[in-house]
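# Close look at the chain arrangement
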There are 8 protein chains.
Amino acid sequence: MHELEVKKIMAGVRSGKINVDEAVRKLKFVPFEDLGFAKVDHHRALRKGFPEVIFCQGKAKNQVVEIAKRLARNNSVILATRATEEMFTAVKKQIKNSQYNKISNTIIINQNKKIMKTGKILIASAGTSDMDVAEEAAVVAESMGNKVERIYDVGVAGLHRLLNNKKKIEDANVLIVVAGMDGVLPSVVSGIFGKPIIAVPTSVGYGASFKGIAPLLTMLNSCSPGVVVVNIDNGFGAGYFASMINK
Amino acid sequence: MHELEVKKIMAGVRSGKINVDEAVRKLKFVPFEDLGFAKVDHHRALRKGFPEVIFCQGKAKNQVVEIAKRLARNNSVILATRATEEMFTAVKKQIKNSQYNKISNTIIINQNKKIMKTGKILIASAGTSDMDVAEEAAVVAESMGNKVERIYDVGVAGLHRLLNNKKKIEDANVLIVVAGMDGVLPSVVSGIFGKPIIAVPTSVGYGASFKGIAPLLTMLNSCSPGVVVVNIDNGFGAGYFASMINK
Amino acid sequence: MHELEVKKIMAGVRSGKINVDEAVRKLKFVPFEDLGFAKVDHHRALRKGFPEVIFCQGKAKNQVVEIAKRLARNNSVILATRATEEMFTAVKKQIKNSQYNKISNTIIINQNKKIMKTGKILIASAGTSDMDVAEEAAVVAESMGNKVERIYDVGVAGLHRLLNNKKKIEDANVLIVVAGMDGVLPSVVSGIFGKPIIAVPTSVGYGASFKGIAPLLTMLNSCSPGVVVVNIDNGFGAGYFASMINK
Amino acid sequence: MHELEVKKIMAGVRSGKINVDEAVRKLKFVPFEDLGFAKVDHHRALRKGFPEVIFCQGKAKNQVVEIAKRLARNNSVILATRATEEMFTAVKKQIKNSQYNKISNTIIINQNKKIMKTGKILIASAGTSDMDVAEEAAVVAESMGNKVERIYDVGVAGLHRLLNNKKKIEDANVLIVVAGMDGVLPSVVSGIFGKPIIAVPTSVGYGASFKGIAPLLTMLNSCSPGVVVVNIDNGFGAGYFASMINK
Amino acid sequence: MHELEVKKIMAGVRSGKINVDEAVRKLKFVPFEDLGFAKVDHHRALRKGFPEVIFCQGKAKNQVVEIAKRLARNNSVILATRATEEMFTAVKKQIKNSQYNKISNTIIINQNKKIMKTGKILIASAGTSDMDVAEEAAVVAESMGNKVERIYDVGVAGLHRLLNNKKKIEDANVLIVVAGMDGVLPSVVSGIFGKPIIAVPTSVGYGASFKGIAPLLTMLNSCSPGVVVVNIDNGFGAGYFASMINK
Amino acid sequence: MHELEVKKIMAGVRSGKINVDEAVRKLKFVPFEDLGFAKVDHHRALRKGFPEVIFCQGKAKNQVVEIAKRLARNNSVILATRATEEMFTAVKKQIKNSQYNKISNTIIINQNKKIMKTGKILIASAGTSDMDVAEEAAVVAESMGNKVERIYDVGVAGLHRLLNNKKKIEDANVLIVVAGMDGVLPSVVSGIFGKPIIAVPTSVGYGASFKGIAPLLTMLNSCSPGVVVVNIDNGFGAGYFASMINK
Amino acid sequence: MHELEVKKIMAGVRSGKINVDEAVRKLKFVPFEDLGFAKVDHHRALRKGFPEVIFCQGKAKNQVVEIAKRLARNNSVILATRATEEMFTAVKKQIKNSQYNKISNTIIINQNKKIMKTGKILIASAGTSDMDVAEEAAVVAESMGNKVERIYDVGVAGLHRLLNNKKKIEDANVLIVVAGMDGVLPSVVSGIFGKPIIAVPTSVGYGASFKGIAPLLTMLNSCSPGVVVVNIDNGFGAGYFASMINK
Amino acid sequence: MHELEVKKIMAGVRSGKINVDEAVRKLKFVPFEDLGFAKVDHHRALRKGFPEVIFCQGKAKNQVVEIAKRLARNNSVILATRATEEMFTAVKKQIKNSQYNKISNTIIINQNKKIMKTGKILIASAGTSDMDVAEEAAVVAESMGNKVERIYDVGVAGLHRLLNNKKKIEDANVLIVVAGMDGVLPSVVSGIFGKPIIAVPTSVGYGASFKGIAPLLTMLNSCSPGVVVVNIDNGFGAGYFASMINK
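About the thresholds
Residue numbering note: each chain is counted from 1, following its sequence as written. Numbering of ligands from 1 and lettering of chains from A proceed in the order in which they are written. Since the coordinates come from a predicted model, pLDDT governs what is reported: local features require at least 70, and pairs of side-chain atoms require 80 or more to be given and counted, while whole-chain, interface and lining totals use all residues. Side-chain measures here rest on the full set of heavy atoms in the structure, leaving out hydrogens and waters. Contacts are assigned to residue pairs that have any heavy atoms within 4.5 Å of one another. Summed over both partners, the accessible area lost on bringing two parts together, with a 1.4 Å probe, is the buried area. By definition, a salt bridge exists where a carboxyl oxygen of Asp or Glu is found within 4 Å of a side-chain nitrogen of Lys or Arg. Under this definition, polar contacts are N or O atom pairs within 3.5 Å; protein pairs additionally need one hydrogen-donor-capable and one acceptor-capable atom, and for neighbouring residues in sequence, both atoms have to be side-chain atoms. Every helix listed is a DSSP run of H or I at least four residues long, and every strand listed is a run of E at least two residues long, numbered separately from the N terminus. Under the scheme applied here, ten amino acids are nonpolar (Ala, Val, Leu, Ile, Met, Phe, Trp, Tyr, Cys and Pro), four are charged (Asp, Glu, Lys and Arg), and all others, including Gly, are polar. A patch is a set of surface residues, each over 30% in relative accessible area and not in a salt bridge, joined within 9 Å for like charges and within 5 Å for the nonpolar side chains Val, Leu, Ile, Met, Phe, Trp and Tyr. Areas reported as accessible are Shrake-Rupley estimates using a 1.4 Å probe. Residue values count occlusion only from the protein chains shown. In this tally, Lys and Arg are treated as positive and Asp and Glu as negative; His is ignored, and so are the chain termini. Working definition for charges: the position is that of NZ of Lys, CZ of Arg, CG of Asp or CD of Glu. Exposure categories follow from relative accessible area, calculated using a 1.4 Å probe and restricted to protein chains: below 20% of the type maximum is buried, above 50% is exposed, and the middle band is partly exposed. Least-squares superposition of the copies uses the C-alpha atoms of those residues scoring a pLDDT of at least 70 in each of them. Strand pairing is assigned whenever DSSP detects at least two bridges linking the two strands. Only the stretch in contact is used when fitting a helix axis, every axis being a line fitted to C-alpha atoms; angles between N-to-C directions are given from 0 to 180 degrees. Pairing of aromatic side chains requires ring centres within 6.5 Å, counting the rings of Phe and Tyr and the six-membered ring of Trp. Pairs whose planes differ by under 30 degrees are stacked, by over 60 edge-to-face, and all others tilted. The definition of a right-handed crossover adopted here requires that, viewed with the strands pointing away, the path from the first strand over the helix to the second runs clockwise. The pLDDT score gives, residue by residue, the confidence of the prediction method on a 0 to 100 scale.

With that out of the way, let us pick up the interface of chain A and chain D. Taken together, the contact between chain A and chain D spans 28 residues of the former and 28 residues of the latter. Between chain A and chain D, a total of about 2,300 Å² is buried, with carbon and sulfur atoms accounting for 64% of that surface. Of all residues in chain A, L220(A), P225(A) and F241(A) give up the largest surface area on contact with chain D, accounting jointly for 25% of the area buried on that side. Counting across the interface, chain A meets chain D through 0 salt bridges. Connecting chain A to chain D are 3 residue pairs in polar contact (both at pLDDT 80 or more). Elements with a contribution of two residues or more to the side of chain A that touches chain D: helix 3 (44–48), helix 9 (185–192), strand 10 (197–201), helix 10 (213–220), strand 11 (227–229) and helix 11 (235–246) of chain A. It is helix 11 of chain A that contributes the most residues to the side of chain A that touches chain D, 5 residues altogether. Of the residues belonging to the side of chain A that touches chain D, the class tally is 17 nonpolar, 7 polar and 4 charged.

Taken together, the side chains of K211(A), K211(B), K211(E) and K211(G) present a region of like positive charge at the surface. Mapped onto the elements of the fold, K211(B) is located in the loop between strand 10 (197–201) and helix 10 (213–220).

Bringing the pattern of salt bridges into the picture now. Oppositely charged side chains can pair when the atoms bearing their charge come close. Applying the stated criterion across every chain yields a total of 56 salt bridges over all chains. With a shortest N-O distance of 3.8 Å, D153(D) and R161(D) are connected by a salt bridge. This pair shows no difference in class: D153(D) is buried, exactly as R161(D) is. In this structure, the salt-bridge partner of E66(F) is K69(F), at a minimum N-O distance of 3.7 Å. With E66(F) and K69(F) both in helix 4 (residues 61–74) and 3 residues apart, this pair spans about one turn of that helix. Its relative accessible area of 22% is what places E66(F) among the partly exposed residues. A network of salt bridges, in which partner residues are shared, links E66(A), K69(A) and R70(A).

Before going further, it helps to spend a moment on the relation of the copies chain A and chain D. Superposition of the two copies of the chain requires a rotation about an axis and a shift along the axis. Taken as rigid bodies, chain A and chain D are interconverted by a rotation of 180° and an axial shift of 0.1 Å, the fit giving an RMSD of 0.2 Å. With respect to symmetry, the two chain copies, as superposed, fit the operation of a two-fold axis. Identified as the residue of chain A closest to the rotation axis by C-alpha distance is V229(A), at 2.5 Å.

Below, the discussion takes up the sheet that holds strand 5 (residues 98–101) of chain C. Residues and elements named next belong to chain C. Read across the open sheet, the 4 strands follow the order 3-4-6-5; overall the sheet is mixed. With one partner strand each, in any of the chains shown, strand 3 (54–55) and strand 5 form the two edges of the open sheet. When strand 5 meets strand 6 (residues 106–110), the two strands line up antiparallel, connected through 4 bridges. Along strand 6, the bridge assignment pairs Q99 with I108.

Before going further, it helps to spend a moment on unusual backbone geometry. In this structure, D233(A) takes a positive phi of about 65° despite not being glycine. Note on placement: D233(A) falls in the loop between strand 11 and helix 11. One non-glycine residue, N105(F), adopts positive backbone phi at about 55°. With respect to the helices, strands and loops of the structure, N105(F) is situated in the loop between strand 5 (98–101) and strand 6 (106–110).

Quick look at the sheet that holds strand 6 (residues 106–110) of chain G now. Residue and element names in this part refer to chain G. The strand order across the open sheet built from 4 strands is 3-4-6-5, with neighbouring strands paired in mixed fashion. This sheet does not close on itself; its edge strands, each paired only once, are strand 3 (54–55) and strand 5 (98–101). In terms of strand pairing, strand 4 (residues 77–81) meets strand 6 through 4 bridges, oriented antiparallel. Within strand 6, the position partnered with L79 by the bridge is I108. The strands that helix 6 (residues 131–143) touches are strand 4, strand 5 and strand 6; relative to strand 4, the one it contacts most, it runs at about 165°.

All names here are of chain E. Counted by the stated rule, this structure contains 28 aromatic pairs over all chains. Between F236 and Y240 the ring centres are 5.6 Å apart and the planes differ by 65°, which places this aromatic pair in the edge-to-face class. Here F236 pairs with Y240, and both are found in helix 11 (residues 235–246), just 4 residues apart, close to one helical turn. Given the relative accessible area of 17%, F236 is considered buried.

Remark: a regular strand shows side chains that alternate across the two faces of the sheet. All names here are of chain A. Among the 5 residues that make up strand 4 (residues 77–81), 5 are buried, leaving the element largely enclosed by the rest of the structure. Side chains V77, L79 and T81 of strand 4 all project onto a buried face; the interleaved residues I78 and A80 project onto the opposite face, where all are buried too. Pairing geometry for strand 3 (residues 54–55) and strand 4, over 2 bridges, is parallel. By the bridge assignment for strand 4, I54 is matched with A80. Regarding topology, helix 4 (residues 61–74) serves as the crossover connection from strand 3 to the parallel strand 4, and that connection is right-handed.

Let's shift gears to the side chain of N246(A). Residues and elements named next belong to chain A. Checked against the element boundaries, N246 lands in helix 11. Under the relative-accessibility criterion, N246 is labelled buried at 12%. Looking at N246, its side chain comes within polar contact range of the side chain of N173, at 2.7 Å. The residues contacting N246, other than those within four sequence positions of it, are T118, G119, K120, I121, N146, N173 and V174.

This part takes up the confidence of the model for chain A. All names here are of chain A. Mean pLDDT over chain A works out to 87, with 88% of the residues at or above the 70 mark. Per-element averaging of pLDDT across chain A places helix 2 (residues 20–26) at the bottom with 63 and strand 10 at the top with 98. Overall fold confidence for the complex sits at a pTM of 0.88, while the interface term, ipTM, reaches 0.85.

Following this line, the structure appears as structure tokens:
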């Protein structure tokens, strides 16, 4: 509910159409739907510019379906991340226009003909194993209406692979740089290029990478300014933030 | 064994019915039953106001059954937490009146007609995935004779969902607030309402939530006074403590 | 600002005394005073039942004085925790009725004749070195109008020292149990007595106590139900919560 | 050294003015000045849009002075963070137009008449003690040519203090949200407003805040999308990144 | 190889039977058998008073069998810990007199008629779930020739269960106290009884017990002197050390 | 209070000299003296074989003096660990026969002519810097009536320094092995000699020794059985336990 | 691409065969092949002396096959570590001369007749369970053209097993010492022998070994100089580095 | 003591000059000098190729002097690391030829005319603040007879500063790369050059660098093979190891 609606309620009070007690009640925010196990936030798109994204991990299959159905009524593009293929099959039965991206485990429901895509976000990954996280970021950014370019497997073990893509990087407004293990790629990219970088540590690695703690710390301590960080494996958050600042 | 019994033994000594050595032996506390692998604490209900609750995790199925049988002889309401369905089936065969709550993995044995419920405890959860922990708290609190109201999925990503339940919150004596991931809900609720809050961090999340460490730390550091914390995923402890202070 | 004021504004809108834009602006919460470096929350006493307590650590001396002066205008009892003697001297110059508790590093400004004290809170500490934290809890609870009884140095290295105080413990409504090092005291007290316990880990200890992590974990994992935990050295939080549930 | 210069070298080679070996040597990047203990990066402004910022912590006083002098020759605005007053005094002797910001421990050398400031960055802090970090962000952002607005001490213990500043928040392009202890403020702000947020955890707190680990984890795990994180106490990094995306 | 053998070599040198180079070679310690993947230490029984105990975790089935066979040639009692039933079946085929203890996952090969047992070691566990670790300690101590008495499930949630076993505890020379979760039992036992205690933390628990870190820290920080600690779940080490000091 | 006294009270009850209520009261343990800030445990010597040892860290100078005075009335040998020289000077004024050991920061009050010393405890340290912890263990063990032999600076960087002391080691009943940094000495000693070893990690080291965590973990994971561990820098605990098992 | 090629391009520019723009483009490094999911680094052998080694963990089977095929075109010896048998079967179908080492999970493709092996690297392991990591190091070192000798199961629980292999150790140029649990072997070997040691911590162990953290810290803190460390379980890295310095 | 001496003893036995018991005693290693608080290891130079280096941290001034004096009798070059200026002054009084390096806090006693230096070790540091650690490595390597070249402040925030030193790097046999904060420099250098790299993490940084944990983890997880790691701030260990492999 935004300012206009508040003013409308006020006008109703002044004109006497709405009495005081009713107005007080109305002034509490309402636009969500209560499913018992979930309160679907129809208000999100107004507030944040994109509807609630369904985080499927830890939810039951039917819970995902129910939430998706409610969101699909009021929004043209719906996203569900960390979704299993089983969840997708169940959603697909109820909502056509559903698609599944196997690498990133994402369900995209696009009831739009075509999403307009403007401004380029470049997504770089250090290794092949970081691709699922990178793709989550890519799918989210594309669904939110951004052009996305990918350069994967450009880690510093062979720095020329990165430098060879200099042109692509310079054309982008924002960079998302995904890396596990030592997580050095964002620092290096930031040292060379003058672009804002969203660094995404991944849980790829073994031993002292501690499921992503090592690259997370590397990225937080980057010596080169212009790097911000999201949670380990949080491709979604990176894609979302990149979209916000690309606009 | 409480003070009255001690005095009775003393009287027996004075009157000569009980000799000194026997009295010394009796003065050691006795009221538990030794099953070898477990010592069932029949004394607990007197001491704490509720019988021993069976923590099933790490116990064998038959161990759960044996402990439940002994407790059921002296107590009208028995609880077993972190129980599998298999354990329940085994218990059910021996003790009718057994029921199983699938969400919270709890066995409730109620040999009472009806549990009197007084005073309201409100249980709020940040997300749908926190429901099992929230339900464990709810089942425990209800079994111990409290009215329980639930408001689930009211995390701060859509703060109006919480504010819309203001009335329910203000009617409660105690709040149990359950949250994983960033664990911010208890701080926010405490900043708005003047109620004692028992915060329960959950292991819901990924990456840097470190299976509940992130919300645990958030809750321990709450800037808003009136928040206390229990172990990660410890719905039982929260329900138990809430019941103690609701009375 | 509470419900009555909202209704008053609504009435003003209906009667035409307040126009719509003004009402919208008023409906945002106002009752705090902006000092630039701080926003004094005069609203706190209404919302939580006790005015904002000044956490002095990290604040400049003059910031503490300024905040104290503003709070003292609207409230009869003011508390400032983690205050140095220097801060106290500065406050004292501006506000008579200020007192300083050296053990707990607390400033108490009592403009009341006498605080009514009802209901007993018992505060137990495991060792002599835990006294500053225990006293912080005590001072807070007393200032908030509770009777407080102390039993210090009753750690389990000599369990009889605790058991000898059985009567005092049984007379209390709530227990605050303070311990550093191994932090076992709350578990033991909870195993013997049927009282709600607020456990306070302290940073007392050395080596693997890790400045309070060891007792914090002990308390969070207490095998005996009825124990909740606050932050390391957070006597304030324990005294505050105990006061809330003592009423 | 940028593309134009490379082409110039090439042209020199073709025309025979520069021989092959010399060209090879030239094609290695040169534009830094070697002071032995430091290599001043004059190339930074071209690459990143702002000259190298001097991180004074761990450097000797005379090292800071020397680096500042070299940078001041080619750049109109120079920044030095984590500087002591002693360092400032030494710099001031050599470079007039030097100023010191005591709260943020920053030296600003502005040889420009006036820095043009466009686009608003809003900086919010949870508590008074977070001000030094917030001010570091503010000084950096202002030096880099951004309008900055501050709202300090708006933590969730009194949520209305935040909501009262709704207008200011909605006018900003980017938000920097600074918080220690539980670090919940960025999540809450993100749940209410649709702005990109750079969250800065601070080392303010005690006990289980572990010098900033608690708010760092809270922020990384934010349930509300649109939040990115920088290192603990890294006001500089937040101000720098905010400036990059504000343009 | 012990002193006598060294003297024998020396005598050989003096008499000329052994030449100098040969003596130098012989003076390097020899008594182990090389299986390629393992070097069976036949020297251990002389050095430590008990033959090498086979730690099966991480070894292949056939490796366990081969090592057991070699040890069985020179020793009358052989122990293998953390053994699966499969491993046992394979060992049994080659070495009769093999027995398997299912609770502690231990293989015992006793080629003695009867192990003489002297001096009592008491093993107490806090909960039923700690039994496997407690039993590992018990089996090891018994195999090494000690009398063992067990009192299980005597955690502090019902302290009287412990106190009721006072006599058994006072009769023992050494106590092994096994506990998971909060790990407080050793501190409490040590506060009451004047016996040396070997504390064994277990990985029993959930959430902030962090697979045994919580009880490990509790035990290391015990306020009551007379407590030493072994690794998490290390029943073997506790039984072994108890046996050493019982003699 | 021990069994005899209980029987005496019982006899008093039977004979009518003591009435029932009085007996109940008496049966609670009494033998401690309440100083307000401390409860001096006169009962300790009976229960544990040695009087309460004063842990001075975190106590005020006058608190140490008061506790020492009370203990000195009933005990011939008193120990205070982690004492400053200032504390010693204050104690010395009140209790002659007080001595101070500067290396271990220990006050010893010996009102005995001479402590009988029997059975040898050997204390080995890896480096010169571990001497304060090693000496704390030595002083405690000597005060409790044990012969103590020291071999310092025998770390594995020069293994022959250890092997050269073989005879001394083999003559001891118990070994205390003190090491910081990598903490490998106890494992090595245990691999060579068949003696029970109490391993003491120290906070000596830097970087990844993390103030004693590295040697603590090394010792807990010792591959060689017969090693138990105490807290980091806990020379006192090691000396105390060694004394218990030396007898 | 190395210096010669750069000069060739320069010569092309001078002679007019290559125009300036083309030269600029060429001067960016090219020699890798883009498979989309991976950029195969053909340049690696020139730069590092050995072709890219395929780290299979986290890659799909067909990705491993594709990368192997490309590398096999330009290199005679190819290695793939952390490969499953399934991956091997798939590779084998496409590239004969492929072999699989089951213990170390390594695929070796040797299109050379015979690898020349010079200079000895000795690999020692503390236990039988560390063999997979030790073998990974061995296979890597052999493939890179080094002589390798193995002595396994020589942990300090039976130190003579190590000392008995003195000759083999003294003949080597470099030692790789592999150990889990307490990780003390490298320190001990370094204290006795004057050889450079590459220490490899393994995740073998339980409880407080924390999947390799304990031996990692032990090795990093080694009191004996001449020890360097690689990641937990990183046999590959140790074999690779040993090979570099053996040459 | 080395092999020759052993043979000499054997010959003495054969000839009857040395009796058997005496020989057994002699065969224990002797060449160290016992100062009580330290056992000076004169044997080290034979075993390791360089005499014992005095680690001064945690030692008393006079202890350092005594050890230095003993070592100086048998060795021409003596090193003492982590020494204060006070320690140096005390040493200087007793041993002329002593010099102090202020940046690295190292005492060098050179009784040689001139140390022969062969083979180049290159030492690179990421920042100016890492210089003390880098210099410790440099001093150690020089004292041990290696040519050392330094390139400081070449962190990845300005990568061209590194690339500009390509020639120097390619001329070296071994690289020591020192970095704090994000610790990415070794990975980057290793990705470009084919040299063995000893990576040294430093405690330089703040917040989530956790006094060197962040760069330590980065280096352990380096994606580029050919990197080994030493303890945080361990310049000594890096210089020592580099010297071993440079020869």
